[in-house]
Amino acid sequence: MAYFNLAAAFFVLVSMALMLGRLLLGPTLYDRILAVNSFGTKTVLFLCVFCFVIDRPDGVDIALLYALMNFIATIAVLKFFRYRALDVSLAKSHITQSDEER
Amino acid sequence: MLIQLVSSVSESATAGTPVSMADILHVLFSAFSILSILAGLFFVLGGTLGVLRLPDFFTRLHAAGMTDTLGAELIILGLVIQAGFSQMSLKLLFVAFFLLITSPTATHAVAAAAYQAGLQPLLGRYRAPEPGEETKQ
């Protein structure tokens, strides 16, 4: 079973490497953000599978942390490239106000 | 751990062949775990190929968003079956739960941001580019 998990971890790594291709090629910004988000999800999967391979349960904690951090990072990067600042409130009034400014 | 529990139950119940019962369950759980992880790997690799190959941002988003969620859930389900009834499987279920919530939300946020920024989807019938031709997008 350990060898099967090792093979599964290897294929998740292959998938991560292919996703790096889209990250480098991606013609638009959103392609790159999508690739980073998907890469993060695959990192979580790799950590979960790999801590079964080396038989240490610590990796799952890191995977849990990384899953939440990845989501927040995606939202933060999207917000930064929308407003060019991170201290803008995401309330409805601010969105309509900045739409009027455009 | 679950296997030990079931084998002890069957030992007290029949006192006949508890070891073979545990063996059968072990093989069954392993087979189900392997099938689940293989299906998850199929979805993850397929989604990655889709992100690499599809022509448009929104189609790439479709490939990444659907398959990553399902593939991650299937792989973690297989690992939970391997871990049995333990603290580790509880943590893995937490990971699966948060991925199930955050992954579609992030996909939706990326799609909404791209659409609001004015990125137009490719419409109409898709024509594959000729070998020497420059691809749009």
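What you see is a predicted model, and the numbers here were worked out from it, not measured in a lab.

The subject of this paragraph is the overall build of chain B. Of regular secondary structure, chain B possesses four helices and zero strands. Sequence-ordered secondary structure for chain B, helices as α and strands as β, is α-α-α-α. By the burial criterion, 40% of the 137 residues in chain B qualify as buried. By sequence separation, contacts in chain B at least 24 residues apart represent 65% of the contacts at least 6 residues apart.

What follows concerns the interface of chain B and chain A. One widely used convention gives an interface's size as the accessible area the parts lose upon coming together. The interface of chain B with chain A comprises 43 residues on the first partner and 40 residues on the second. Buried area between chain B and chain A, summed over both chains or domains, comes out near 3,700 Å², and the portion from carbon and sulfur atoms is 80%. Viewed at the interface, chain A and chain B are joined by three salt bridges. K91 of chain B serves as the salt-bridge partner of D61 of chain A, at 3.3 Å between the closest nitrogen and oxygen. Inspection of the region where chain B meets chain A yields nine residue pairs in polar contact (both at pLDDT 80 or more). Elements supplying a minimum of two residues to the side of chain B that touches chain A: α2 (18-53), α3 (57-83) and α4 (87-116) of chain B. Broken down by element, the side of chain B that touches chain A gets its largest block of residues, 16 residues, from α4 of chain B.

In this structure the tally under the stated criterion is four salt bridges over all chains. We note a salt bridge from R60 of chain B to D31 of chain A, for which the minimum N-O separation is 2.7 Å. In this pair, R60 of chain B is assigned in helix α3 and D31 of chain A in helix α2 (residues 29-53), connecting two distinct chains. There is no split in this pair, since R60 of chain B and D31 of chain A are both buried.

On to the confidence of the model for chain B. Averaged over every residue, the pLDDT of chain B is 83; residues scoring 70 or more account for 82%. Of all the helices and strands in chain B, helix α1 (residues 2-14) of chain B carries the lowest mean pLDDT, 53, while α4 of chain B carries the highest, 93.

As a rule of thumb, soluble globular proteins bury nonpolar side chains together. Among the nonpolar cores identified, the biggest contains 29 residues, and I75, I76, L79, L92 and V95 of chain B are the most heavily contacted of them. Put simply, the parts of the chain that give this core at least two residues each are α1 (2-25), α2 and α3 (58-83) of chain A together with α2, α3 and α4 of chain B. Residue contributions to this core peak at seven residues, all from α2 of chain A. Apart from the residues lying within four places of it in its own chain, the contact partners of I76 of chain B are L45 of chain A together with L92, V95, A96 and L99 of chain B. V51, A109, A114 and L119 of chain B belong to the second largest nonpolar core, which has 18 residues in total.

Where α3 of chain A contacts α4 of chain B, the axes come no closer than 9 Å and their chain directions differ by 10 degrees. The angle between α3 of chain A and α4 of chain B places the two elements in the roughly parallel class. Residue composition of the contact of α3 of chain A with α4 of chain B, grouped by class: 18 nonpolar, four polar and three charged.

Since there are 3.6 residues in each turn of an α-helix, residues three or four apart along the chain are aligned in direction. A rise of 1.5 Å per residue sets the reference length of α3 of chain A, with its 26 residues, at 38 Å; its end C-alpha atoms lie 38 Å apart and thus fit the reference within 8%. For α3 of chain A, the complete set of buried residues consists of G59, V60, A63, L64, A67, N70, T74, L78, K79, R82 and Y83 of chain A.

Residues and elements named next belong to chain A. On the surface, Y3, L6, F50 and I54 cluster together into a nonpolar patch covering about 430 Å² of accessible area. Looking at where F50 falls in the secondary structure, it is placed in helix α2. Of the residues examined, F50 reaches a relative accessible area of 32% and is grouped as partly exposed.

A few words on unusual backbone geometry. A positive phi angle, near 60 degrees, is found at D55 of chain A, a position not held by glycine. Mapped onto the elements of the fold, D55 of chain A is located in the loop between α2 and α3.

In this section: the packing of α2 of chain A against α3 of chain B. The interhelical angle for the contact between α2 of chain A and α3 of chain B, taken along N-to-C directions, is 10 degrees, at an axis separation of 10 Å. The orientation of α2 of chain A relative to α3 of chain B falls into the category roughly parallel. Packed against α2 of chain A, whose contacting residues are Y30, D31, L34, S38, T41, K42, L45, C48, V49 and F52 of chain A, the element α3 of chain B presents F57, R60, L61, A64, D68, A72, I75, I76, L79, Q82 and A83 of chain B at the interface. Here the residues of the contact of α2 of chain A with α3 of chain B sort into 14 nonpolar, three polar and four charged.

About the thresholds
Residues numbered from 1 in each chain as written. Chains lettered and ligands numbered in written order. Predicted model: local features only at pLDDT ≥ 70, side-chain atom pairs only at ≥ 80, totals over all residues. Heavy atoms only, no water. Helix = DSSP H or I, 4+ residues; strand = E, 2+ residues; numbered from the N terminus. Buried < 20%, exposed > 50% of the residue type's maximum accessible area, 1.4 Å probe, protein only. Contact = heavy atoms within 4.5 Å. Buried area = accessible area lost by both parts, 1.4 Å probe. Salt bridge = Lys/Arg side-chain N within 4 Å of Asp/Glu carboxyl O. Polar contact = N/O pair within 3.5 Å; in protein donor to acceptor, adjacent residues only side chain to side chain. pLDDT = per-residue confidence, 0-100. Core = buried A, V, L, I, M, F, W, Y, C linked by side-chain atoms within 4.5 Å. Axes fitted to C-alpha atoms, helices over the stretch in contact; angles between N-to-C directions. Parallel < 35°, antiparallel > 145°, perpendicular 65-115°, else oblique. Nonpolar A, V, L, I, M, F, W, Y, C, P; charged D, E, K, R; others polar. Expected span 1.5 Å × (residues − 1). Patch = residues over 30% accessible without salt bridge, like charges linked within 9 Å, V, L, I, M, F, W, Y side chains within 5 Å. Areas by Shrake-Rupley, 256 points an atom, 1.4 Å probe, with all protein chains shown as cover.

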